[in-house]
Amino acid sequence: MALCYQYQLPVLPLDRPVPKHVLSRRGAISFSSSSSLFGCANPRVLSQTFTNSSNLWIPSSGWEERFLERRGAISYESSDQTALYIRMLGDVRVRSRAGFQPERRDSHPYVDFRLLHLSSEPGELASARKIRRLLSFQRYFRSAHLFCGVSPLNSVSILDDNYNGQAMRMLEKDGNWNFDIFLFDRLTNGNSLVTLTFHLFKYHGLIEHFHLDSVKLRRFLVMVQEDYHRNNPYHNAVHAADVTQAMHCFLKETKLATSFSPWDVLLGLLAAMTHDMDHPGVNQPFLIKTNHYLASLYKNISVLENHHWRSAVCVLQESKLFSHLAVEEIYEMESQLGSLILATDITRQNEFLSQFRTHLDRSDLCLDEAGHRHFMLQIALKCADISNPCRPWELSKQWSEKVTQEFFHQGDIERKHKLDISQLCDRHTETVANIQIGFITYVAKPLFVEWSRFSNTTLSQTMLGHLSLNNASWKGLLQEQSQGGDDTDFI
């Protein structure tokens with residue numbers, strides 16, 4: 001069911017009005033006729049005619065008002081009121097005086113707890129929940145030091161030392177499959193993606209091998225993290241960090257570690273951390289049924305994955321992280337990065353699974369060949385992306401509840417706007433348990449069974465063990481629910 005533009009449209013995170021000061025950021029994609037990278041299908045015609053000037057699509061003077069109702073789809077740069085941009089706004093925040101300092105582009109955000117003791121004018125206060133949480137952190141660590149006989153002369157620095165020390169201890173076990181990314185995100189003050197990925201770049205020797213500037217690298221990582229929407233229950237920077245940690249575990253497996261080059265490792269980590277950049281919290285069918293401009297831009301094919309790839313390339317170019325490499329190498333990197341991210345499209349699951357199974361049946365995978373190594377990177381990224389059911393129950397259950405919460409939020413929007421409710425998104429008919437049982441049975445298990453055929457190691461057996469135990473746990477919860485006659489979900 002298509003939704004006409006003359007009616008009220010659902011408001012997505014990527015549809016917010018664009019402030020003038022962010023139009024120059026990486027997400028402001030201008031369509032250039034000379035761009036080989038963005039030489040994809042033309043966007044849906046927003047007016048009757050367009051003219052090309054200065055490598056930007058310039059609209060004619062006659063605009064149809066019905067297109068302007070799609071908030072966020074059209075915005076103008078302050079210096080050129082005729083330049084058309086299609087802007088995908090990331091998670092831009094304005095930090096208030098109640099505890100949050102403005103974020104700099106060259107550093108990750110931090111919390112200044114001293115600001116909590118300043119008086120603030122009405123309207124500038126953060127939510128009571130945030131303040132209570134920040135104060136509870138201070139009270140906890142202050143009491144911990146008093147118990148140990150340490151005088152808290154500076155509670156702010158003590159807090160930082162405690163968090164940083166525990167985070168560094170966790171990084172010593174970066175390859176542990178039981179790695180608790182939720183705890184790590186709290187210890188790093190919401191900067192799990194930046195902290196973990198910078199550590200992994202050093203661990204794999206990528207900074208030295210590719211002669212990377214550490215300042216540019218950290219700036220690049222911060223820009224990537226900023227482009228994830230923190231309001232998304234599931235598709236946020238913590239999920240990206242979790243996928244990156246899983247990819248690191250796979251890269252350490254004997255078959256891959258002995259065959260992959262630094263180039264392969266670099267691509268694997270880049271793809272893992274950027275694979276869901278600027279995700280709006282809704283799926284592709286939702287974008288198609290609402291005639292979203294992204295769906296038209298990519299002709300309803302891998303809409304989100306194409307956008308994630310373009311967003312990643314924009315950040316790479318803006319950060320100039322690889323500006324010292326040859327143009328051919330940069331283009332090859334961007335192309336292969338796109339191939340990896342596009343492989344995460346769940347609608348292509350059977351395609352990759354069938355190809356993987358065929359290679360294993362024929363025993364013709366040769367990791368000395370660049371093409372086969374790239375294919376295994378695609379498989380590894382797909383496994384990392386859907387590895388939540390293979391984690392220990394305490395972690396897997398949290399992820400399951402978060403992804404279902406995101407599904408149900410989409411269903412609520414569809415119900416509100418009288419759209420057909422997407423599969424798995426109706427909170428009145430679905431539960432966390434039956435969604436997870438179906439996902440494990442038809443998506444996760446077939447892929448990880450083949451992965452264990454390829455790499456029959458302790459890790460692969462551990463993942464299959466967790467997969468089986470988690471499936472049994474969800475079946476037990478589903479049985480309890482049916483016996484209790486409770487029609488509500490577990491969230």
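To start, this report covers the structure provided alongside it. (Residues numbered from 1 in each chain as written. Predicted model: local features only at pLDDT ≥ 70, side-chain atom pairs only at ≥ 80, totals over all residues. Heavy atoms only, no water.)

Focus on the packing of helix α15 (residues 349-362) against helix α18 (residues 432-454)
Phase 1: Their axes nearest at 10 Å, the elements α15 and α18 cross at an angle of 25°. Accordingly, the angle class assigned to the pair α15 and α18 is roughly parallel. Relative to α18, the crossing made by α15 is left-handed. Contacts between α15 and α18 involve Gln349, Leu353, Phe356, Arg357, Leu360 and Asp361 on the former and, on the latter, Val443, Pro446, Leu447, Glu450, Trp451, Arg453 and Phe454.
Phase 2: Taken together, the residues that form the contact of α15 with α18 break down as 8 nonpolar, 1 polar and 4 charged. (Axes fitted to C-alpha atoms, helices over the stretch in contact; angles between N-to-C directions. Helix = DSSP H or I, 4+ residues; strand = E, 2+ residues; numbered from the N terminus. Parallel < 35°, antiparallel > 145°, perpendicular 65-115°, else oblique. Left-handed = near helix turned anticlockwise from the far one by under 90°. Contact = heavy atoms within 4.5 Å. Nonpolar A, V, L, I, M, F, W, Y, C, P; charged D, E, K, R; others polar.)

Digging into the nonpolar core
Phase 1: One finds Phe220, Phe250, Met376 and Trp451 to be the most contacted residues of the largest nonpolar core, which totals 96 residues.
Phase 2: Beyond its immediate stretch of four places on either side in the chain, Phe220 contacts Leu270, Met273, Val315, Leu316, Ser319 and Leu321.
Phase 3: In this structure, Leu294, Leu297, Ile413 and Leu419 belong to the second largest nonpolar core, which totals 12 residues. (Core = buried A, V, L, I, M, F, W, Y, C linked by side-chain atoms within 4.5 Å. Buried < 20%, exposed > 50% of the residue type's maximum accessible area, 1.4 Å probe, protein only.)

Focus: helix α5 (residues 192-203)
Phase 1: Taking 1.5 Å as the rise per residue, α5 with 12 residues should run 16 Å; its terminal C-alpha atoms sit 16 Å apart, in good agreement.
Phase 2: Counting buried positions over the 12 residues of α5 gives 10, a clear majority of the element.
Phase 3: Along α5, the positions that sit buried rather than exposed are Ser192, Leu193, Val194, Thr195, Leu196, Thr197, Phe198, His199, Leu200 and Phe201. (Expected span 1.5 Å × (residues − 1).)

What about the pattern of salt bridges?
Once the charged atoms of two side chains with opposite charge are near each other, the side chains can pair.
Phase 1: Inspection of the entire model under this criterion finds 12 salt bridges.
Phase 2: Arg348 serves as the salt-bridge partner of Glu351, at 3.0 Å between the closest nitrogen and oxygen.
Phase 3: Judged by its relative accessible area of 23%, Arg348 is partly exposed.
Phase 4: Of the charged contacts in the structure, one is a salt bridge between Lys397 and Glu401, with a shortest N-O distance of 2.6 Å. Of the two residues, Lys397 and Glu401 are both situated in helix α17 (residues 393-416); the distance of 4 residues between them amounts to about one turn of the helix.
Phase 5: When its relative accessible area of 23% is taken as the criterion, Glu401 is described as partly exposed.
Phase 6: Among the ionic contacts, a cluster of salt bridges with common partners joins Arg357, Asp361, Glu450 and Arg453. (Salt bridge = Lys/Arg side-chain N within 4 Å of Asp/Glu carboxyl O.)

A short note on the layout of surface pockets
Phase 1: If you add up the space inside the second largest pocket, you get close to 1,300 Å³.
Phase 2: In terms of lining, the second largest pocket is formed by 44 residues, of which the most central are Asn283, Ile346, Phe407, Leu424 and Phe439.
Phase 3: When its residues are assigned to classes, the lining of the second largest pocket shows 16 nonpolar, 21 polar and 7 charged. (1 Å grid on protein atoms, 1.4 Å probe; cavity = no way out; pocket = protein on both sides within 12 Å on 5 of 7 lines; lining within 4 Å. Points joined across faces, edges and corners; volume = space filled by probe spheres on them.)

A look at the packing of aromatic side chains
Phase 1: Here the structure, examined in full by the defined rule, presents 11 aromatic pairs.
Phase 2: Relative to Phe184, the ring of Phe179 lies with its centre 5.5 Å away and its plane at 55°, an arrangement referred to as tilted.
Phase 3: Judged by relative accessible area, which is 4%, Phe179 ranks as buried.
Phase 4: Between Phe250 and Trp451, the ring centres sit 5.1 Å apart and the planes meet at 45°, which makes this aromatic pair tilted. In this pair, Phe250 is assigned in helix α8 (residues 237-251) and Trp451 in helix α18, connecting sequence segments 201 residues apart.
Phase 5: For Trp451, a relative accessible area of 0% puts it in the buried group.
Phase 6: Taken together, the ring pairs in this structure connect Trp177, Phe250, Phe352, Phe356, Phe375, Trp451 and Phe454 into an aromatic cluster. (Phe/Tyr/Trp six-rings, centres within 6.5 Å; stacked < 30°, edge-to-face > 60°.)

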